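What follows is each chain in one-letter form.
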Amino acid sequence: MQNSGENVGFYHGMSSDNIKGLVLALSSSFFIGASFIVKKKGLKKAGSSGCRAGSGGYSYLCEPLWWIGMITMFVGEIANFAAYAFAPAILVTPLGAVSIIVSATLAHVILGERLHIFGILGCILCVVGSITIVLHAPQERQIESVAEVWGLATEPGFLLYATLVLILTSILLVHFVPQYGQSHVMVYIGICSLVGSLSVMGVKALGIALKLTFSGVNQLAYPQTWAFAIFVVSCILTQINYLNKALDTFNTAVVSPIYYVMFTSLTIVASVIMFKDWAGQNGSQIVTEMCGFVTILAGTFLLHKTKDMNDGSSTSPSSRSSNHLNSEVFDPESVPLKSQELAMTS
């Protein structure tokens, strides 16, 4: 009965700040989901006349369509930035599942990347899992100054997490990117997600600082505010670079859900460590949130398998059994560049 009362309270007793956070997060997901497709169109157009981003080229910087996609994403990120200032990360971040639906649907309609029926089911599972997490998310922690956030960020637990993220990112950059970046989607997405989990903590700190400043408690005089700002800019530039490489090399309908799952999972882990989000929750609520994650993972698995089914349907059974790699060449935008290069030289 107590849990039922808590759920009712969620629906009828949400604070105005949490409602603002939800609205901003949803609008952010629509803009960001659409930006994936616009940027992909720009990358394809730029790649047809210059060096592709997946091969290390930057010709897309001269493509207006790519910049339109960037502006769309920027609007979405601004809305997302504001959402973190009003609501906890565990409430805001899972709503990024909406961007999966938007990007997968637009990829099907605009880019011609077929969305199988199981892909639709995967999208539904992603949304159901996200709703489950949102319904059991903790309340926002009340913070009075950016110095308090800095204190949370410099506690041993979060410092250990940040150190592990930097070590893993360095290993990916030095060892895995040169050898496996063009053939394994998890390399580029791993970098984006690891760095992104730290950038969200910085974004939340900046959002809190600006929120307090606009309410009359100036936080711009604190050096910690500017330290967080510099840190966020560095992380976002890294994310943009490797997200471009992932989008240009792999199928959009695969990149979006995998990025969502990894980014969301790591962000919530970072938030739990830094802001102690689970400190006021019981075991039942935490387990329910984990069940929501399992549901999301099931949805992304279906989306990923949808790509394999689409690739396989373009060839005969005999040709698939003789050479699976060659069968993927029929869909050049959904396979790694190295597979395309092997096909052209054979």
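Residues numbered from 1 in each chain as written. Predicted model: local features only at pLDDT ≥ 70, side-chain atom pairs only at ≥ 80, totals over all residues. Heavy atoms only, no water.

- Per an unreviewed UniProt entry, the chain carries the name Probable magnesium transporter and comes from Saponaria officinalis.
- According to the UniProt record, the Function (unreviewed entry) comment for the chain is "Acts as a Mg(2+) transporter. Can also transport other divalent cations such as Fe(2+), Sr(2+), Ba(2+), Mn(2+) and Co(2+) but to a much less extent than Mg(2+)."
- Listed under Subunit (unreviewed entry) in UniProt, the entry text for the chain is "Homodimer." (UniProt positions renumbered as here; feature names shortened; annotations may be inferred.)

Regarding the overall build of the chain
(1) Moving on: When helices and strands are counted, the chain shows 15 helices and zero strands.
(2) Moving on: Counting all 346 residues of the chain, 49% fall into the buried class.
(3) Moving on: In the chain, 80% of the contacts between residues at least 6 apart in sequence involve partners at least 24 apart.
(4) Moving on: Total accessible area on the chain stands at roughly 15800 Å², and carbon and sulfur atoms take up 71% of it. (Helix = DSSP H or I, 4+ residues; strand = E, 2+ residues; numbered from the N terminus. Buried < 20%, exposed > 50% of the residue type's maximum accessible area, 1.4 Å probe, protein only. Contact = heavy atoms within 4.5 Å. Areas by Shrake-Rupley, 256 points an atom, 1.4 Å probe, with all protein chains shown as cover.)

With respect to the state of the cysteines
(1) Moving on: Going through the model one piece at a time under the given rule, you end up with zero disulfides.
(2) Moving on: For C123, which is in no disulfide, the shortest distance to another cysteine sulfur is to C126 and amounts to 6.3 Å. (Disulfide = S-S within 2.5 Å.)

Details of the packing of aromatic side chains
(1) Moving on: Per the stated rule, a full pass over the model turns up six aromatic pairs.
(2) Moving on: Relative to F228, the ring of W150 has its centre 5.4 Å away and its plane inclined at 70°; by these criteria the two rings are edge-to-face. Within this pair, whereas W150 is found in helix α7 (residues 146-153), its partner F228 is found in helix α10 (residues 223-249), the two being separated by 78 residues in sequence.
(3) Moving on: Taking relative accessible area as the criterion, W150 reaches 35% and is therefore assigned partly exposed.
(4) Moving on: Looking at K204, its charged tip hangs above the ring of F275, at a distance of 5.7 Å from the centre. (Phe/Tyr/Trp six-rings, centres within 6.5 Å; stacked < 30°, edge-to-face > 60°. Lys NZ or Arg CZ within 6 Å of the ring centre and 35° of its normal.)

Considering the side chain of S28
(1) Moving on: Residue position: S28 is located in helix α2 (residues 16-47).
(2) Moving on: Take S28: its relative accessible area is 2%, and that puts it in the buried class.
(3) Moving on: Excluding residues within four positions of it along the chain, S28 makes contact with G76, A79 and N80.

Points about the packing of α2 against helix α5 (residues 97-111)
(1) Moving on: Running from amino to carboxyl end, α2 crosses α5 at an angle of 35°, the nearest separation of the two axes being 8 Å. Remark: the crossing between α2 and α5 carries right-handed chirality. Contacts between α2 and α5 involve L26, S29, F30, G33, A34, F36, I37, K40 and K41 from the former and V98, S99, V102, S103, L106, A107, I110 and L111 from the latter.
(2) Moving on: Of the residues that constitute the contact of α2 with α5, the class distribution is eleven nonpolar, four polar and two charged. (Axes fitted to C-alpha atoms, helices over the stretch in contact; angles between N-to-C directions. Left-handed = near helix turned anticlockwise from the far one by under 90°. Nonpolar A, V, L, I, M, F, W, Y, C, P; charged D, E, K, R; others polar.)

Things to note about the nonpolar core
(1) Moving on: Among the nonpolar cores identified, the biggest contains 78 residues, and V149, F158, L243, V255 and M274 are the most heavily contacted of them.
(2) Moving on: In terms of residue count, helix α9 (residues 185-214) provides more of this core than any other element does, 17 residues in total.
(3) Moving on: In this structure M274 touches V149, L152, A153, F158 and M201, once residues within four positions along its chain are discounted. (Core = buried A, V, L, I, M, F, W, Y, C linked by side-chain atoms within 4.5 Å.)

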